[in-house]
Amino acid sequence: MATPLTSNFTRLTSADLLKLKRYLIENVGRSMEGEQVQLEDRSEFMKQRLQEVYTQTRVNLPDDIRKQVFADILDELTGYGPIQPLLDDPDISEVMVNGPKKVFVEKSGRLTKSAVTFEDDDHVLRIIDRIILPLGRRVDADTPTVDARLPDGSRVNAVVRPVSIDGPSITIRKFKKDKLSIQQLIDYGSLTPNMAEFIRACVLAHLNIVISGGTGSGKTTLLNVLSSYIPEEERIVTIDDAAELQLQQDHVLRMETKVPNTDGKGAVSIRDLVRNSLRMRPDRIIVGECRGGEALDMLQAMNTGHDGSLTTLHANSPRDALSRLETMVLMSGMDLPLKVVRQQISSAVDLIIQQTRLKDGSRKVTAITEVVGMEGDIVVLTDIFKFEQTSMGENGKIIGELKATGIRPIFTPRLDAAGFKLGAEVFMPPGGFGSSHRR
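Worth saying up front: this structure is predicted, and the values here are computed from it rather than measured.

A. Examining the overall build of the chain more closely. Check the secondary structure of the chain and you find 13 helices and 15 strands. Burial analysis of the chain (439 residues in total) assigns 48% to the buried set. Pairs at least 24 apart in sequence give 55% of the contacts found in the chain among residues at least 6 apart.

Right under this line is the structure:
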């Protein structure tokens, strides 16, 4: 056991506090070895042990500093160290550790540097191990990157040397416990009531929908909202790398990819799961994100009776989304002519919803675009709703308008057949009907 500390720390330094923390962590951790404590009682039991070990040191810290030291130690022993308070903050949506002294957070759509720090690279590595080892994952020089999911569903990516040149890094996309509703998105200005009504009709009418957007734009959040419209009686199969979808329906089968084992075998990809899902009698297939060759299997499923499928992909506009789909289909290894690929896309996908994180940090649906069909070798798109920026307000706030273009989608008869006779006011642009947004 380490030698007890006896100083009163009348003139505290950061080195003194660090020494005290290490001593307490080492001894509390050692005193817990072999203890049979129920998981729900572990935190309280550890607090008691911490107080006992602290009393034995005969150190007399001021109350405010002692409480902070205790909180830091409990975060280290039961949570994820210095970043635990950031993970507990409901207003923080993402935590990014770029190194021991560079911890950034996303809050209300804006990135800021946090006051939180780690001791050194080894401290960051210990927290990475704390996160991934219980999940049966590892990260080292031979496997320097890892994706994982915390017990609450938050998504974690960790990178270490030699890939991460400046030392180990952690990126955590937090999982929101309370799923956003469509009304909240309307209240936030992400979309309008008419857009919400139109999207609801499209989901219930079994249209195939692709949500397109950049990293952190809110694609998964929107996908969760859309999936909430699916009726209870339908069988839903969800497929994801890390199960982020929060479906409330009862008849849901969730599937998640599997990384290879230490021998490099046993991997299960999204493409494997999409193929397998077709044998499971799904009414709906929801793929959290298309990234590669599974796009071809998804399109074929959409074209062979699995209407109402939903997925997301990374792209900055509806037209870019088509190009991205083309690229992913070609990644499947099938030697298909480009025109055939485009025909597959145009006949499978009915609607592209563009989700964007604007420069001021706000997230909006910036386009709802119909995939009309083919004209020659080109897939024709028509904007049904569009966001138009008009000016820049105070503090860089983007000012604009979400509005209809005045064009009714060609698939309107499908909406009518499903019982959704949307009135002209849903598609009415400001100032009346007129302009065309086909491209």
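That was the structure; now back to the text.
B. Expanded view of the environment of L77. As for its placement among the helices and strands, L77 is situated in helix α3 (residues 63–78). For L77 and P90, which are 13 residues apart along the polypeptide, the C-alpha to C-alpha distance reads 22 Å. When residues no more than four places from it in sequence are discounted, the contact partners of L77 are I25, V28, M46 and R130.

C. Here's a closer look at unusual backbone geometry. Residue R161 is joined to P162 through a cis peptide bond whose omega torsion reads 10°. Looking at where P162 falls in the secondary structure, it is placed in the loop between β5 (155–159) and β6 (169–173). Even without glycine at this site, R281 takes up a positive phi of about 50°. Here R281 lies in the loop between α9 (270–277) and β10 (284–287).

D. Local environment of helix α5 (residues 121–132). In this model, α5 (12 residues) spans 17 Å end to end at C-alpha, consistent with the 16 Å of a helix rising 1.5 Å per residue. Among the residues making up α5, those that are buried are H123, V124, I127, I128, I131 and I132. Within α5, the buried residues cover an arc of 165° as seen down the axis, which keeps them to one side. Contacts made by the buried residues of α5 are with α3, β1 (92–99), β4 (145–149), β5 and β6. Looking at where α5 begins, the residue whose side-chain oxygen comes 3.2 Å from the main-chain nitrogen of D122 is D120.

E. Representation of the pairing of strand β2 (residues 102–107) within the structure. In terms of strand pairing, β1 meets β2 through six bridges, oriented antiparallel. Bridge assignment links I92 to a residue of β2, and that residue is K107. Taken together, β1 and the strand that follows it, β2, pair antiparallel across an intervening segment of two residues. Here four bridges tie β2 to strand β3 (residues 110–113), and the two strands are oriented antiparallel to one another. The partner of E106 across the bridge, within β3, is L111.

F. Geometry of the side chain of T366. One can find T366 in strand β13 (residues 363–375). Take T366: its relative accessible area is 11%, and that puts it in the buried class. Aside from chain neighbours lying at most four places away, what touches T366 is Q354, T356, L358, F385, K386 and F387.

G. Main features of the packing of aromatic side chains. Scanning all chains against the criterion turns up five aromatic pairs. With a centroid separation of 6.1 Å and an interplanar angle of 20°, the aromatic rings of F198 and F411 are classed as stacked. Here the residue F198 occupies a position in helix α7 (residues 193–204), and F411 occupies one in the loop between β15 (398–404) and α13 (412–417), the gap between them amounting to 213 residues. In this structure, F198 and F411 share a single accessibility class: buried. Consider the rings of F198 and F427, whose centres lie 5.7 Å apart with planes at 85°: the pair is edge-to-face. Residue F198 is found in helix α7, and its partner F427 is found in the segment after α13; the two are separated by 229 residues along the sequence. The burial state of F198 is the same as that of F427; both residues are buried. Taken together, F198, F385, F411 and F427 form an aromatic cluster joined through their ring pairs.

H. Region of the structure containing the side chain of S346. Inspection of the secondary structure puts S346 in helix α12 (residues 338–348). A distance of 3.1 Å separates the side chain of S346 from the backbone oxygen of Q343, its partner in a polar contact. In this structure S346 touches V371, G373, M374 and V379, once residues within four positions along its chain are discounted.

I. Summary view of the state of the cysteines. Here the structure, examined in full by the defined rule, presents zero disulfides. There is no disulfide at C202, and the cysteine sulfur nearest it, in C290, is 19 Å away.

Conventions used here
Residues numbered from 1 in each chain as written. Predicted model: local features only at pLDDT ≥ 70, side-chain atom pairs only at ≥ 80, totals over all residues. Heavy atoms only, no water. Helix = DSSP H or I, 4+ residues; strand = E, 2+ residues; numbered from the N terminus. Buried < 20%, exposed > 50% of the residue type's maximum accessible area, 1.4 Å probe, protein only. Contact = heavy atoms within 4.5 Å. Expected span 1.5 Å × (residues − 1). Arc of directions from axis to C-beta. Polar contact = N/O pair within 3.5 Å; in protein donor to acceptor, adjacent residues only side chain to side chain. Pairing = 2+ DSSP bridges. Phe/Tyr/Trp six-rings, centres within 6.5 Å; stacked < 30°, edge-to-face > 60°. Disulfide = S-S within 2.5 Å.

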